[in-house]
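# Notes for the structure review
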Amino acid sequence: MVHAAKSKAKDVLLELEDVHMYFGRVAALAGVNLRVRKGEIHSIIGPNGAGKTVMMNCINGLYKPQRGSIFFDGQRVNGFAPSKRARLGIARTFQKIELFGGMTVLDNIRLGRHIHMNSGIFSGGMWIGKTKREEIESRQFIEEEIIDLLEIESIRHKTVNMLPYGLQKRVELGRALALQPRLLLLDEPLAGLNLEEVEDMARFILDINEEERWKVTCILVEHDMGVVMDISHSVFVLNFGHKIVDGPPEEVQANPEVVKAYLGEEDMYTTRR
Ligand SMILES: Nc1ncnc2c1ncn2[C@@H]1O[C@H](COP(=O)(O)OP(=O)(O)OP(=O)(O)O)[C@@H](O)[C@H]1O
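All figures in this text were calculated on a predicted structure; none of them were measured in a lab. (Residues numbered from 1 in each chain as written. Predicted model: local features only at pLDDT ≥ 70, side-chain atom pairs only at ≥ 80, totals over all residues. Heavy atoms only, no water.)

### Focus: the site of the ligand
The cut-off we apply is this: Proximity is defined per residue: if any heavy atom of the residue lies within 4 Å of a molecule or strand, that residue is considered near it. Whenever a nitrogen or oxygen atom comes within 3.5 Å of another N or O atom, the pair is scored as a polar contact, on the condition that within protein one atom can donate a hydrogen and the other can accept it, and that pairs from neighbouring residues in sequence are kept only if both atoms are in side chains. Calculation of accessible area relied on Shrake-Rupley with a 1.4 Å probe; when residues are assessed, cover is drawn exclusively from the protein chains displayed. Numbering goes from the N terminus for both helices and strands, where a helix is a DSSP run of H or I of at least four residues and a strand is a run of E of at least two.
Within the structure, the ligand sits among 16 residues, and Gly49, Gly51, Lys52, Thr53 and Val54 are positioned closest to it. Here an oxygen atom of the ligand sits 2.9 Å away from a polar atom, N or O, in the main chain of Val54. Between His223 and the ligand, the recorded distance is 3.0 Å, taken from a side-chain N or O atom to an oxygen atom. For the ligand, whose accessible area on its own is 640 Å², the fraction buried by protein is 73%. Broken down by element, the shell around the ligand gets its largest block of residues, 3 residues, from helix H2 (residues 52-60).

Below, the structure written as structure tokens:
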């Protein structure tokens, strides 16, 4: 039985099986298979329009693929809304920053948990009312740990709108971490950052993945090949909705189709837009 077989693969946190996603006649994903093992950083690379963001949207539930299955920790989650997937432990950052610009850094991080879980201020209040003191303290502890990890102590009470872009990206990461995710989807976390900020962000991603306190499995969509090849355990190369190759960075870099694409020959970097 398919479901039983999935649950036996204990080291696999996320699995996509023959996933198809169409927009009209465009097949953004044309039968994609992906296995993300627990503890990995698994990157997805490919040219503009390859289907990377669509894949992320299918994983967190914003899009519902027309065919195929998505399993999270052995459970088929196809019908689950993003909020339900968040409760299971799937968090997300976006290509375009989505923060509350008029609120402080700390409030944005605090709200992360509630936003991801689809509860408003009112229900958030009820949650606090019902929750034991120790749980609130534990939540505060998490907030402190996030602030410490991302080195944003000095800006915790600053309004997000007033911060430079690079720091806003950190806050967005902090907000996703507030969910205490098991799987973190990072959509172009390095885009628009300067060299120093890229190095900092790459270090934070490694810490989140490796540190005993966090140990979060990550899926990274990114165009910065240097960082991708440096920090990923596996790299999935997508082109026009099809997988070219999926394996360790050294294997992917040696793949003739990938080499051809990265040397500037047209196939892989021809966009369909
Ligand atoms: N909501 C949508 N409606 C119609 N077409 C869409 C939608 N979302 C994505 N597509 C199409 O699906 C294809 C894959 O898009 P996607 O955004 O996943 O590419 P990508 O690999 O993330 O590219 P980029 O690196 O530029 O972000 C494109 O042809 C895009 O136009």
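So, next bit.
### What to know about unusual backbone geometry
The following threshold applies: Burial classification: accessible surface area is computed with a 1.4 Å probe over protein chains only, and a residue below 20% of its type maximum counts as buried, one above 50% as exposed, and the rest as partly exposed.
With a phi close to 55 degrees, Glu151 is a non-glycine residue in the positive phi region. Here Glu151 lies in the loop between helix H6 (133-149) and helix H7 (165-177). Look at Phe240: it is not a glycine, yet its phi comes out positive at around 50 degrees. Residue placement: Phe240 occurs in the loop between strand S9 (234-239) and strand S10 (242-247). Classification of Phe240 as partly exposed rests on a relative accessible area of 29%.

### Some thoughts on the pattern of salt bridges
Heads up, the condition is: Within this document, salt bridges are pairs made up of a side-chain nitrogen of Lys or Arg and a carboxyl oxygen of Asp or Glu, the two lying within 4 Å of each other.
Tallying each qualifying case throughout the model produces 14 salt bridges. Here Arg37 makes a salt bridge to Glu40, at a shortest N to O gap of 3.2 Å. On the basis of relative accessibility, which here comes to 39%, the residue Arg37 falls in the partly exposed class. Residue Glu40 is classed as buried on the basis of its relative accessible area of 3%. The partner of Glu153 in a salt bridge is Arg156, with the nearest N and O atoms 2.9 Å apart. Through salt bridges with shared partners, a single ionic network connects Glu151, Arg170, Asp200 and Arg203.

### Here we look at H2
The buried count for H2 comes to 8 of 9 residues, which makes it a mostly enclosed element. Every buried residue of H2 is listed here: Lys52, Val54, Met55, Met56, Asn57, Cys58, Ile59 and Asn60. After H2 finishes, the residue Gly61 shows a positive phi value of roughly 95 degrees.

### Describing the pairing of strand S8 (residues 217-221)
We count it as follows: A pair of strands is considered paired only if DSSP assigns at least 2 bridges between the two.
Summarising burial for S8: 5 of the 5 residues are buried, a large majority. Residues of S8 alternate between two faces, with Thr217, Ile219 and Val221 on one and Cys218 and Leu220 on the opposite face, all of them buried. In this structure, strand S7 (residues 183-187) lies alongside S8, joined through 5 bridges in parallel fashion. Counterpart to Leu183 in the pairing with S8 is Thr217.

### With respect to the side chain of Ser69
Operational definition: Residues are treated as being in contact if the distance between any of their heavy atoms lies within 4.5 Å.
With respect to the secondary-structure elements, Ser69 resides in strand S4 (residues 67-72). When its relative accessible area of 11% is taken as the criterion, Ser69 is described as buried. Side-chain polar atoms of Ser69 contact the side chain of Arg76, separated by 3.0 Å. Every residue in contact with Ser69, bar those within four places of it in the chain, is listed here: Glu15, Leu16, Glu17, Val19, Arg76 and Asn78.

### Quick look at H7
The cut-off we apply is this: The span expected for a helix works out to 1.5 Å for each residue beyond the first.
Along its 13 residues, H7 runs 19 Å from first to last C-alpha, staying within 8% of the 18 Å computed at 1.5 Å per residue. Buried residues dominate H7, accounting for 11 of its 13 residues. Listed as buried for H7 are Gly166, Gln168, Lys169, Arg170, Val171, Glu172, Leu173, Gly174, Arg175, Ala176 and Leu177.

### So, the packing of H7 against helix H8 (residues 195-210)
If you want to describe how two helices pack, look at the angle between their axes and the distance between the axes. Applicable threshold: Helix axes are fitted to C-alpha atoms over the stretch in contact, other axes to C-alpha atoms as well, and angles between N-to-C directions run from 0 to 180 degrees. Here is the rule for angles: anything less than 35 degrees is roughly parallel, anything more than 145 is roughly antiparallel, 65 through 115 is roughly perpendicular, and the remaining ranges are oblique. Side-chain classes are defined by residue name, with Ala, Val, Leu, Ile, Met, Phe, Trp, Tyr, Cys and Pro counting as nonpolar, Asp, Glu, Lys and Arg as charged, and the others, Gly among them, as polar.
For the pair H7 and H8, the least separation of the axes is 10 Å and the interaxial angle reads 10 degrees. The orientation of H7 with respect to H8, classified from their angle, is roughly parallel. Contact residues: Gly166, Lys169, Arg170, Leu173 and Leu177 in H7; Glu197, Asp200, Met201, Phe204 and Ile208 in H8. Residue classes in the contact of H7 with H8 are distributed as 5 nonpolar, 1 polar and 4 charged.

### Here we look at the sheet that holds S4
The 4 strands are arranged S2-S1-S4-S5 in an open sheet whose pairing can be described as antiparallel. Across the chains shown, the open sheet's two edge strands, defined by having one partner strand only, are strand S2 (26-37) and strand S5 (75-76).

### Details of the packing of aromatic side chains
Spelled out, the test is: Only Phe, Tyr and Trp rings are paired, with Trp represented by its six-membered ring, and only when their centres lie within 6.5 Å; those with planes under 30 degrees apart are stacked, over 60 edge-to-face, the remainder tilted. Lysine NZ or arginine CZ positioned within 6 Å of the ring centre and within 35 degrees of the ring normal marks a charge as sitting over the ring.
For the structure on display, the rule yields 1 aromatic pair. Residue placement shows Lys84 over the ring face of Phe80; its charged tip is 4.0 Å from the ring centre.

Interpretation in functional terms is not warranted from these geometric data alone.
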